Amino acid sequence: MLKYTTLLLLIATLFSVPASATELTGTPEELRAFLQSQVRTIVLRDDAEEVGSNDIAKITLVIRTQERELSLSLEANNRKREAVAAALAALGLDADDIKSSKYSASPQFGWFGSKPNNFEVVNKLVASVDNPTLFQEVAKIADGDDDISFGGVEFEHSEEDAFEQKVRDKAVDKILEQARYFEQKLGLRLKAVSFNYGNVLRARSDGFQYLEEVVMTGSRLQSATPEPAVSVPTFDEVVYRASASVTFEVIPAGG
């Protein structure tokens, strides 16, 4: 429980006492009379944290074939892609877990001559898995064929949207708890007139990654995304942090 002297300091800050005033003194009744004699607003701020886990790994497999004719290279690549898709399905992946990403074809020239020596076709498949065992099995597919290579992995949290909303709600609930405290201690009523969601951050072992900022109307604001630190993402915990502020109108008791 906050002491009375601490309350005086908080009030001096929250109610924007003029710079010339260095101290608030008097009985609680005199203090209430001072606050009730003026139309004022205060801004209460707080933050919150929720912890989730990365539970989806999106693994890119690169399928690369070369033949003297473009049509032959395309056919070879399609056969290889179908074989990879069948191997992924045999691991238990559904069709929705296997997506084609990028597809390209380019002529390959030697040192001499204007005609290409062969044609290279590159296709990418993205396999989504939800546990380390499947991750290893998908990696084995790339290890067992010279035409298939590991193209990288991105980790995601399937409940990201729900956790973003949860951490915002938690920050606002903490602010409302503050407001109830001041209402009880000062005998005033606080009426919310506007609010602001600060930055929502998602933290991993490589630091914070900017997600979004929402202000009053819920519209997204453009903001620069910081360059992430180099790291190896895993099925690790994801820490969501959000800040919020609410502007309250101070209504005197009986007002």
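The residue numbers shown here count from 1 along each chain, following its written sequence. The model is predicted, so local features are restricted to residues of pLDDT at least 70 and side-chain atom pairs to those at 80 or more, both for listing and for counting; the totals for chains, interfaces and linings are taken over all residues. No hydrogens and no water enter the side-chain calculation; it runs on all heavy atoms of the structure.

Draft legend 1. The arrangement of the overall build of the chain in detail. For the chain, the helix and strand inventory stands at five helices and nine strands. A burial count over the chain gives 31% of its 255 residues as buried. A separation threshold of at least 6 residues defines the contact pool for the chain, and within that pool the share at least 24 residues apart is 76%. Each helix is a run of H or I in the DSSP string that is no shorter than four residues. Each strand is a run of E no shorter than two, and both are numbered from the N terminus. Working definition: with a 1.4 Å probe on protein chains only, accessible area under 20% of the residue-type maximum means buried, over 50% means exposed, and in between means partly exposed. Residues count as neighbours in contact if any of their non-hydrogen atoms are within 4.5 Å of one another.

Draft legend 2. Highlighting the pattern of salt bridges. A carboxyl oxygen of Asp or Glu within 4 Å of a side-chain nitrogen of Lys or Arg is what we treat as a salt bridge. As enumerated under the stated definition, the model contains ten salt bridges in all. Put simply, Lys170 and Glu50 hold a salt bridge, and the shortest N to O gap is 3.4 Å. Taken together, the residues span a long stretch of sequence, with Lys170 in helix α5 (residues 160–186) and Glu50 in strand β1 (residues 40–53) at a distance of 120 residues. Of the residues examined, Glu50 reaches a relative accessible area of 13% and is grouped as buried. Residues joined by salt bridges that share partners form a network here, namely Glu50, Lys166 and Lys170.

Draft legend 3. Structural view of the nonpolar core. Counting 22 residues, the largest nonpolar core has Ile42, Leu44, Ile175, Leu190 and Phe248 as its most contacted members. Of all elements in the fold, only β1, α5, β6 (189–204) and β9 (237–251) reach the threshold of two or more residues within this core. In terms of residues, this core owes the most to one element, α5, which gives eight residues. To form a nonpolar core, buried Ala, Val, Leu, Ile, Met, Phe, Trp, Tyr and Cys residues must be joined to one another through side-chain atoms within 4.5 Å. Judged by nonpolar contacts, the second largest core, of 17 residues, contains Leu61, Val84, Ile141 and Ala142.

Draft legend 4. Structural view of the packing of aromatic side chains. Planes of paired rings set the category: under 30 degrees apart is stacked, over 60 is edge-to-face and the rest tilted, where pairs are Phe, Tyr or Trp rings (Trp by its six-membered ring) whose centres lie within 6.5 Å. Within this structure, the stated rule accounts for four aromatic pairs. Relative to Phe155, the ring of Phe135 has its centre 6.1 Å away and its plane inclined at 15 degrees; by these criteria the two rings are stacked. Here Phe135 is found in helix α4 (residues 132–143), whereas its partner Phe155 is found in strand β5 (residues 148–156), with 20 residues between them in sequence. Consider the rings of Tyr181 and Phe182, whose centres lie 5.7 Å apart with planes at 75 degrees: the pair is edge-to-face. The exposure class assigned to Tyr181 is buried, which follows from its relative accessible area of 19%. Only lysine NZ and arginine CZ atoms are considered, and such an atom sits over a ring when it is within 6 Å of the ring centre and within 35 degrees of the ring normal. A cation over an aromatic ring shows up here: Lys166 above the ring of Phe163, its NZ or CZ 5.5 Å from the ring centre.

Draft legend 5. Broad picture of the confidence of the model for the chain. When pLDDT is averaged along the chain, the result is 76, and 67% of the positions lie at 70 or above. For every residue, the pLDDT score states the predictor's confidence, bounded by 0 at the bottom and 100 at the top. The least confident element of the chain is strand β8 (residues 219–220), whose mean pLDDT is 34; the most confident is α5, at 92. A low-confidence stretch, residues 208–233 (pLDDT under 50), is modelled with 46 contacts involving residues beyond four sequence positions or located in other chains.

Draft legend 6. Broad picture of the side chain of Ser73. Within the element layout of this structure, Ser73 appears in helix α3 (residues 70–90). Of the polar contacts made by the side chain of Ser73, one reaches the backbone oxygen of Phe119; its length is 3.0 Å. With near-sequence residues (within four places) excluded, Ser73 lies in contact with Thr65, Gln66, Glu67, Phe119, Glu120 and Val121. Polar contacts here mean pairs of N or O atoms no more than 3.5 Å apart (in protein, one a potential hydrogen donor and the other a potential acceptor; neighbouring residues in sequence count only if both atoms are side-chain atoms).

Draft legend 7. The environment of Tyr240, seen in detail. Along the chain, Tyr240 turns up in strand β9. For Tyr240, a relative accessible area of 0% corresponds to the buried category. Polar side-chain contacts of Tyr240 include one of 2.8 Å to the side chain of His157.

Draft legend 8. Molecular detail of the environment of Gln165. Mapped onto the elements of the fold, Gln165 is located in helix α5. Among the residues examined, Gln165 registers a relative accessible area of 36% and is labelled partly exposed. It is 9.7 Å that separates the C-alpha atoms of Gln165 and Val200, two residues lying 35 residues apart in sequence.

Draft legend 9. Representation of α3 within the structure. Expected helix span is given by 1.5 Å per residue-to-residue step, counting one fewer step than there are residues. For α3, built from 21 residues, the straight-helix expectation of 30 Å at 1.5 Å per residue is met to within 8% by its first-to-last C-alpha distance of 30 Å. When we look at burial in α3, the residues that qualify are Ser73, Ala76, Asn77, Val84 and Leu88. Down the axis of α3, the buried set is contained in an arc of 110 degrees. They therefore lie on one face. Turned more than 90 degrees off the buried face of α3, the exposed positions are Arg79 and Ala90. What the arc measures is the spread of directions leading from the helix axis to the C-beta atoms.

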